[in-house]
Amino acid sequence: MAGPTSAQITRIHIPAAAEHIATVRAFIGAVARHSGCTEETVEDLRLAATETCAQALAEGTAPDGIDVRASLEAGDLVIEIEPAARFVSPLAPADPLDPSSGERRRALVSALFPDVRILAPDDGSPSLRVAAPVEDAPDAR
Amino acid sequence: MELGLENRPHAGWAIVQVSGELDLHTSPRLRDHVMQLIEGGARLVALDLAKVGFMDSSSLGVLITCLKRMREHEGRLVLIGVQSTPMKVLQLTGLDRVFDILGSAAELETH
């Protein structure tokens, strides 16, 4: 069966507090399962979103909270998080016992989604975009 | 989801049964719990993660902190029952080679 072709956006907003990151995980999990992602992809998305939100809170880039958007685009489930952290490029920590938390989070997200796009303009809020394949999404169209 | 922390002794080890999800919000409770055990004299501590379905890198920081503190006291900290998603996090960060990871509490008797 062909994947979804029409965009459909679902979104939530959480306050800038660590206790609300679990809400993002629940949201991502529900949307990804409903969209037809494999369970491994669901967990990867939940982890990437968690790392991104945690780093945004750590860097203080989201004083007014975080927006998380999910949409179906040409067979992919696209997750966008804004403001995200100012991740710029993958950097695998040389010493696994002593990387900074930001390096570890950045390495994890990049390992999970090599095509992750992180937009970090000098004069604006950084945002993160990941796309995961959807196997079957009849209910999500 | 609430984080559950329950102690149970086994073969000379202090096993901490952890249940729930470990992240930036919940993992400090685990750190405080393990630190209390170490400060209380425990030198063989096993974290049973069989009921932990999710773990992020903030939690790894906590585990590393606990491991370093235990090593300072010449004790041992091991992980048991690590589920697939937390194991993936450990593997992607290379920490699966740093921690002693056992399949079940029964393996503590010969470890």
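Residues numbered from 1 in each chain as written. Chains lettered and ligands numbered in written order. Predicted model: local features only at pLDDT ≥ 70, side-chain atom pairs only at ≥ 80, totals over all residues.

1. Overview of the packing of helix H1 (residues 27–39) of chain B against helix H2 (residues 57–72) of chain B
Residue and element names in this part refer to chain B. Applicable threshold: Lines fitted to the C-alpha atoms define the axes, with helices restricted to the stretch that makes contact. Angles between their N-to-C directions range from 0 to 180 degrees. Only DSSP runs of H or I covering at least 4 residues are called helices, and only runs of E covering at least 2 are called strands; the numbering of each starts at the N terminus. Note that the term roughly parallel is reserved for angles under 35 degrees, roughly antiparallel for angles over 145, roughly perpendicular for angles of 65 to 115, and oblique for everything else. Contact definition: two residues whose C-beta atoms, as placed from backbone geometry, lie within 7 Å. As a working rule, the residues Ala, Val, Leu, Ile, Met, Phe, Trp, Tyr, Cys and Pro are called nonpolar, Asp, Glu, Lys and Arg charged, and the rest polar, with Gly in that last group.
Contact pair H1 / H2: the axes reach a minimum separation of 9 Å and the direction vectors enclose 10°. When the axis of H1 is compared with that of H2, the two are roughly parallel. Residue-level inspection shows Ser27, Pro28, Leu30, Arg31, Val34, Met35 and Ile38 of H1 in contact with H2, the latter providing Ser58, Ser59, Val62, Thr65, Cys66, Arg69 and Met70. Along the lines of polarity and charge, the residues of the contact of H1 with H2 split into 8 nonpolar, 4 polar and 2 charged.

2. Quick look at the interface of chain A and chain B
Taken residue by residue, the interface counts 19 residues in chain A and 19 residues in chain B. At the level of secondary structure, the elements contributing two or more residues to the side of chain A that touches chain B comprise helix H1 (21–35), helix H2 (39–59) and helix H3 (101–112) of chain A. Among the residues forming the side of chain A that touches chain B, the class breakdown is 10 nonpolar, 2 polar and 7 charged.

3. Regarding the sheet that holds strand E5 (residues 127–133) of chain A
All names here are of chain A. Basically, it comes down to this: Only when DSSP finds a minimum of two bridges between them are two strands counted as paired.
An order of E1-E2-E3-E5-E4 is seen for the 5 strands of this open sheet, with the pairing classed as antiparallel. At either end of the open sheet lies a strand with only one pairing partner, and these are strand E1 (9–14) and strand E4 (117–119). The average undirected angle you get between the axes of adjacent strands in this sheet is 15°. Where strand E2 (residues 66–73) lies against strand E3 (residues 76–82), 7 bridges are found, and the strand directions are antiparallel. Note that in E3 the partner of aspartate 67 across the bridge is glutamate 82.

4. Observations regarding the confidence of the model for chain A
Residues and elements named next belong to chain A. Rules: On a range of 0 to 100, pLDDT expresses the predictor's confidence in each residue.
Averaged over all residues, the pLDDT of chain A equals 80, while 75% of them reach at least 70. Averaged over each element, pLDDT in chain A is lowest for E4 (76) and highest for H1 (96). When the criterion is pLDDT under 50, residues 1–5 qualifies, and its contacts beyond four places in sequence or with other chains add up to 11 contacts. Contacts from residues 88–94, a stretch scored under 50 in pLDDT, to residues over four places away or in other chains number 13 contacts.

5. What about the nonpolar core?
Soluble globular proteins: nonpolar side chains tend toward being buried together. As a reminder, the rule being used: For our purposes the nonpolar core covers buried Ala, Val, Leu, Ile, Met, Phe, Trp, Tyr and Cys residues that link as a set through C-beta atoms within 7 Å. Here a residue counts as buried when 20 or more other C-beta atoms sit within 10 Å of its C-beta, as exposed when there are 12 or fewer, and as partly exposed otherwise, the C-beta atoms being derived from the backbone.
The biggest cluster of nonpolar side chains holds 65 residues, and the ones touching the most others in it are Leu45, Ala48, Ala49, Cys53, Leu77 and Ile79 of chain A together with Val45 of chain B. The biggest single contributor to this core is H2 of chain A, with 9 residues. Not counting residues up to four positions away in its chain, the partners in contact with leucine 45 of chain A are Ile28, Ala32, Ile79 and Ala132 of chain A.

6. A short note on the sheet that holds strand E5 (residues 100–102) of chain B
Residues and elements named next belong to chain B. Overall, mixed pairing links the 5 strands, which are arranged E1-E2-E3-E4-E5 in an open sheet. Of all the strands in the sheet, the pair left with one neighbour each is strand E1 (4–10) and E5. If you compare each strand with its neighbour and ignore which way they point, the axes differ by 30° on average. Pairing geometry for strand E3 (residues 44–55) and strand E4 (residues 76–80), over 5 bridges, is parallel. Considered in E4, the bridge of valine 45 is made with leucine 77.

7. Some points on the pairing of E3 of chain B
Residues and elements named next belong to chain B. This is how it is decided: A crossover counts as right-handed when, viewed with the strands pointing away from the observer, the path leading from the first strand over the helix to the second turns clockwise.
Relative to E3, strand E2 (residues 13–22) runs parallel, the two being bridged by 8 bridges. Pairing of alanine 14 across the sheet is with valine 45, part of E3. The handedness of the E2 to E3 crossover, carried by H1, is right-handed. This β-α-β element, E3 to H2 to E4, shows right-handed connectivity.

8. Remarks on unusual backbone geometry
With omega at -10°, the peptide bond leading from glutamate 82 of chain A into proline 83 of chain A counts as cis. Along the polypeptide, proline 83 of chain A turns up in the loop between E3 and H3. One non-glycine residue with positive phi stands out, namely alanine 74 of chain A, at about 50°. Considering the arrangement of structural elements, one finds alanine 74 of chain A in the loop between E2 and E3. A count of 12 C-beta atoms within 10 Å places alanine 74 of chain A in the exposed class. You will see that alanine 11 of chain B, though not glycine, has its phi angle at about 50°, which is positive. Along the polypeptide, alanine 11 of chain B turns up in the loop between E1 and E2.

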